[in-house]
Amino acid sequence: MTYRLVRSLGTRSFGLTRRRLLATRFQHQLRPVTLPSTSATTSPFTSAPIRHGAFTSQRRNYASVTPLSSGSRSPQTLTEKIVQRYAVGLPEGKVVRSGDYISISPERCMTHDNSWPVASKFMAMGATRVHNPQQIVCALDHDIQNTSESNLKKYRQIEAFAKQHGLAFWPAGRGIGHQIMVEEGYAWPGTMAVASDSHSNHYGGVGCLGTPVVRTDAASIWATSRTWWQIPPIAKVNFLGALPVGVTGKDVIVALCALFKDDVLNHAIEFAGPGVESLPIDTRLTIANMSTEWGALSGLFPIDRTLERWLRYKATEAAMNPERTTRQRITHERVDELFSNPTVADPDAVYAKQLYLNLSTLSPHVSGPNSVKIATPLNELIPQKIKINRAYIVSCTNSRASDLAAAAKVFKDAAKANPGTTPKIADGVQFYIAAASAPEQEYAEAAGDWQTLLDAGAQPLPAGCGPCIGLGKGLLEDGEVGISASNRNFVGRMGSRNSLTYLASPEVVAASALSGIISGPGYYEAPANWSGIEHGFGTGMENTTESQLSNIVQQLDSLIERVESADSTSSSSTEILPGFPEKISGEIVFCDADNINTDGIYPGKLTYQDNVPKEEMARAAMSNYDPAFNGIAKPNDILVAGFNFGCGSSREQAATALLAKQIPLVVAGSFGNIFARNSINNALLSLEVPRLIKRLRAHFASPSGDAAERQLTRRTGWTLTWDVKHSVVEVREGENGETWTEKVGELPANVQAVIAAGGLEAWVKGEIGKSETIPAQ
């Protein structure tokens with residue numbers, strides 16, 4: 001097939017995020033984080049903005065900044081405007097920007113099955129009441145098929161805690177938390193909502209800035225209503241044209257993941273362009289949801305007329321049905337208020353980069369096997385006659401009523417083509433369906449679509465995550481092939497690590513279940529003059545004088561900021577707190593792979609089991625990536641991996657399992673943002689040293705040069721020493737090998753304090769204790 005990369009007709013900006021601009025001076029920093037000032041006791045979070053890619057010790061002096069007058073105008077992206085509303089403690093006149101470290105108090109914070117671990121952290125911090133009960137939503141959705149007494153006890157504990165503190169609570173079977181957030185109006189356009197789950201990006205489908213946090217952050221929000229956040233670099237994705245018949249939102253995001261791969265890694269995305277209005281809300285939710293797999297920290301759609309029509313329908317439905325709880329939050333009055341002055345990005349807002357995709361040139365795609373970064377046009381897979389064993393229409397990504405209707409249509413069309421017969425799934429195939437929520441299942445039942453799927457042989461599962469997270473009935477076994485409408489096909493996520501998983505739209509999943517091989521319903525017809533997918537960098541639209549001037553201004557702005565932000569070179573040493581080691585040293589254990597995800601680091605089957613012994617966590621560490629890891633790695637080894645280490649879900653055990661294995665330091669070419677956040681919050685040190693990865697790969701490359709022959713985990717005989725005091729890494733390449741050094745970012749005192757305390761939870765507890773002992777003034 002052809003992927004046609006078409007460069008923008010408009011002038012392309014430099015396309016450099018502030019981090020990349022600053023990287024000319026700070027290329028190998030420890031993952032930066034702003035943490036509470038140790039002198040503050042009233043709140044555990046600082047809100048002073050900090051230069052992107054900098055620690056507190058590199059903080060700008062915003063006290064010297066002249067507050068903006070009411071008549072001043074400073075253009076902002078949609079993301080920045082929403083964050084501005086939820087940033088707390090800003091200096092007067094401060095306009096938030098991509099790169100700022102801030103304290104946020106989001107509109108909503110959702111937790112799911114991890115609500116009890118969050119509650120345990122909340123109580124361990126010394127907190128006794130939830131600071132803002134209206135902010136919190138608890139929804140049980142992940143392990144709802146598990147009827148063991150231990151799981152049921154946890155569910156009872158969560159419900160009792162929610163009732164005690166007056167929190168919104170949704171029981172098992174009501175639906176997946178992200179779907180509940182949207183359909184119940186908690187994720188409201190123009191607001192900011194977070195969840196202790198990586199698919200919080202989902203809320204962007206309705207114009208709500210959704211982004212993930214981790215359990216410790218959620219506990220902090222429960223206790224204080226706020227946590228810390230760094231505004232990521234912001235990318236604008238422009239959609240042109242409209243989707244052809246037979247092409248879906250799933251095809252859009254699957255193609256984007258493959259076409260642009262890591263171009264939006266750790267970015268906030270804003271979807272825009274003339275083609276965006278043609279995308280219905282369910283399609284937007286699918287794209288926003290899987291922007292997580294693309295590597296983004298949010299996927300925000302505009303507040304436009306398409307959204308208004310959807311909200312009007314929901315408000316009318318709620319008003320006509322007294323039993324609908326949505327009537328508490330989705331009303332015509334609230335929609336009127338929203339669209340009387342909708343929040344939009346300024347036309348001259350500055351973006352780190354712009355990408356575009358012509359929807360009209362897209363065809364059905366299938367992701368995999370076992371990677372979201374691999375996508376193949378369906379028409380190239382059909383001739384291969386890939387036999388499947390299991391098919392799934394589950395998850396918050398693609399199991400709403402519209403998705404179930406699309407799947408049912410495949411079987412209804414087959415019935416029309418063969419009058420008098422009831423189409424059945426192929427022999428040897430097991431087909432599973434689970435609605436995103438109970439109301440969505442009710443819609444599907446009312447339309448007859450749910451029954452059509454059952455008549456075809458589908459096995460119903462309760463409204464929840466189930467197979468998508470690798471829990472409950474229907475998991476893939478050794479040697480099996482599955483195709484799913486869910487969001488992740490990581491190795492071992494949906495069952496055996498010796499299985500293959502593909503991702504596709506609900507209609508392709510249904511057609512594959514019907515035929516027994518990966519196939520489609522036949523709706524799509526390629527245009528006669530089709531020559532490939534039109535995509536590229538920039539807007540994809542014609543040049544105008546205005547756009548050329550805007551690009552020039554953006555480039556000059558970036559250059560000015562680069563000069564203003566550059567710190568003078570300093571050879572001074574870092575202050576080391578008493579008891580914190582000045583040096584950390586160990587032998588390098590090399591896991592030679594990029595995009596090692598959190599499922600690979602810590603298996604999903606253990607994620608929602610509480611109180612797993614440290615010994616078991618240590619044995620499980622990296623087991624989905626390489627079952628041999630446990631026997632190779634030793635205490636005090638330094639784990640080194642490739643790029644984008646720790647992408648995927650928000651599970652904190654990805655960090656704590658490595659600590660249980662007594663790994664004191666993880667080094668990578670780059671980290672997934674959520675893992676970096678978990679590392680600091682749980683006292684696991686991490687460093688980015690891209691040069692080291694390149695040298696290891698050059699030295700240990702297979703004789704044939706075939707990456708498939710690489711050793712997943714190896715003891716290298718190399719040693720790494722991090723001189724924390726002087727911010728230098730020294731690498732010795734074996735007993736008689738070369739020794740070289742690399743300057744890295746400093747580890748400031750406040751980060752040392754958190755790590756020395758054993759993580760953010762323990763640190764906050766200590767600060768709360770200090771505040772309680774301070775006498776009243």
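Note that the structure is predicted; figures quoted are calculated from it, not measured.

Before going further, it helps to examine the pattern of salt bridges. A full pass over the atoms with the stated rule returns 31 salt bridges. Note that Arg174 is salt-bridged to Glu183, the shortest N-O span being 2.7 Å. Exposure class is identical for Arg174 and Glu183. Each is buried. The salt bridge partner of Asp449 is Lys412, with a shortest N-O separation of 2.7 Å. Taken together, the residues span a long stretch of sequence, with Asp449 in helix H14 (residues 449-455) and Lys412 in helix H12 (residues 401-417) at a distance of 37 residues.

Quick look at the sheet that holds strand E1 (residues 87-88) now. Taken in spatial order, the three strands of this open sheet run E1-E2-E8, and their pairing is antiparallel. Every other strand in the sheet has two partners, leaving E1 and strand E8 (227-230) as the edge strands with one partner each. Here E1 runs beside strand E2 (residues 101-104); their pairing, made up of two bridges, is antiparallel. The residue bridging Ala87 from the neighbouring strand is Ile104, located in E2.

Turning our attention to the confidence of the model for the protein chain. Regions with low pLDDT carry predicted coordinates that are not meant to be interpreted in detail. Confidence along the protein chain averages 86 in pLDDT terms, with 85% of residues attaining 70 or more. Confidence drops under a pLDDT of 50 for residues 1-72, and excluding neighbours within four residues, the segment shows 214 contacts in the predicted structure. Counted against residues more than four places away or in other chains, residues 561-570, with its pLDDT under 50, gives 15 contacts.

For helix H21 (residues 653-660), a buried count of six out of eight residues is recorded, marking the element as mostly surrounded by other parts of the structure. The set of residues buried in H21 consists of Gln653, Ala654, Ala655, Ala657, Leu658 and Ala660. After H21 finishes, the residue Gln662 shows a positive phi value of roughly 65 degrees.

Moving on to helix H15 (residues 506-515). Most of H15 is tucked away, with eight of its ten residues classed as buried. The inward-facing, buried residues of H15 abut strand E13 (365-367), helix H11 (378-381), strand E15 (390-393), H12, strand E16 (430-433) and strand E18 (481-484). In the segment just after H15, Gly516 is the residue with positive phi, at about 90 degrees.

This next bit is on the nonpolar core. The biggest cluster of nonpolar side chains holds 34 residues, and the ones touching the most others in it are Phe431, Leu453, Ile483, Val509 and Ile518. When sequence neighbours within four positions are dropped, the list of residues in contact with Ile483 reads Ile388, Arg390, Ala391, Tyr392, Tyr502, Ala504, Val508, Val509, Ser512 and Ile518. With 32 residues, the next largest nonpolar core counts Val130, Cys138, Ile144 and Leu760 among its residues.

We now examine the side chain of Ser496. Here Ser496 is to be found in the loop between E18 and strand E19 (500-503). Other than its neighbours up to four places away in sequence, Ser496 contacts Leu476, Glu477 and Asp478.

Here we take up the side chain of His202. With respect to the element layout, His202 can be found in the loop between strand E6 (192-195) and strand E7 (209-212). Apart from residues lying up to four places away in sequence, His202 is in contact with His178, Gln179, Val182, Leu285, Ala288, Asn289, Cys396 and Arg400.

Quick look at the pairing of strand E12 (residues 353-358) now. Of all six residues in E12, six are buried; the element is thus mostly enclosed. With burial as the criterion, each face of E12 is covered, one bearing Lys353, Leu355 and Leu357 and the other bearing Gln354, Tyr356 and Asn358. Two strands pair when backbone bridges link them, and strand E9 (residues 234-240) and E12 are joined in this way by six bridges, in the parallel orientation. Note that in E12 the partner of Phe239 across the bridge is Leu357. Relative to strand E20 (residues 535-537), E12 runs antiparallel, the two being bridged by three bridges. Note that in E20 the partner of Leu355 across the bridge is Phe537.

This part takes up the sheet that holds strand E11 (residues 298-300). Pairing in this open sheet of five strands is mixed, and the strands run E11-E10-E9-E12-E20 from one edge to the other. Only two strands of the sheet have a single neighbouring strand rather than two, namely E11 and E20. Put simply, the sheet's adjacent strands are angled 20 degrees from each other on average, direction ignored. With three bridges connecting them, strand E10 (residues 268-272) and E11 associate as parallel partners. Across the sheet, Glu270 pairs through a bridge with Leu300, a residue of E11. Contacts from helix H8 (residues 281-294) reach E9, E10, E11 and E12 within the one sheet, and its direction differs from that of E10 by about 140 degrees.

Note that Thr211 resides in strand E7. Thr211 sits 87 residues away from Ser298 along the chain, and the two C-alpha atoms are 5.3 Å apart.

Counting across every chain of the model gives 15 aromatic pairs. With a centroid separation of 6.0 Å and 65 degrees between ring planes, the pair formed by Phe122 and Trp222 is classed as edge-to-face. Taken together, the residues span a long stretch of sequence, with Phe122 in helix H3 (residues 115-124) and Trp222 in helix H6 (residues 215-224) at a distance of 100 residues. For Trp222, a relative accessible area of 0% corresponds to the buried category. Geometrically, the ring pair formed by Phe700 and Trp718 is tilted, given 5.7 Å between the ring centres and 45 degrees between the ring planes. With Phe700 in the loop between helix H23 (690-699) and strand E25 (713-723) and Trp718 in strand E25, the pair connects residues that are 18 residues apart, well separated along the chain.

Conventions used here
Each chain has its residues counted from 1, running along the sequence as written. Given that this is a predicted model, residues contribute local features only at a pLDDT of at least 70 and side-chain atom pairs are listed and counted only at 80 or more, while totals for whole chains, interfaces and linings are drawn from all residues. In computing side-chain values, all of the structure's heavy atoms are included and hydrogens and water are not. What makes a salt bridge here is a side-chain nitrogen of Lys or Arg within 4 Å of a carboxyl oxygen of Asp or Glu, nothing more. A simple rule labels every residue: compare its accessible area, found with a 1.4 Å probe on the protein chains alone, to the largest value its type can have, and call it buried under 20%, exposed over 50%, or partly exposed in between. In DSSP terms, a helix is any run of H or I states spanning at least four residues, a strand is any run of E spanning at least two, and both are numbered starting from the N terminus. In this description, strands pair whenever DSSP reports at least two bridges between them. What pLDDT expresses is the predictor's confidence in each residue, scored from 0 to 100. We call two residues contacting when some pair of their heavy atoms lies within 4.5 Å. Here, nonpolar core means buried Ala, Val, Leu, Ile, Met, Phe, Trp, Tyr and Cys residues that are tied together by side-chain atoms lying within 4.5 Å of each other. A fitted line through C-alpha atoms serves as each axis, taken over the contacting stretch for helices, and the angle formed by two N-to-C directions is quoted from 0 to 180°. Here a pair means two rings of Phe, Tyr or Trp (six-membered ring of Trp) with centres within 6.5 Å. Their orientation is stacked below 30 degrees between planes, edge-to-face above 60, and tilted elsewhere.

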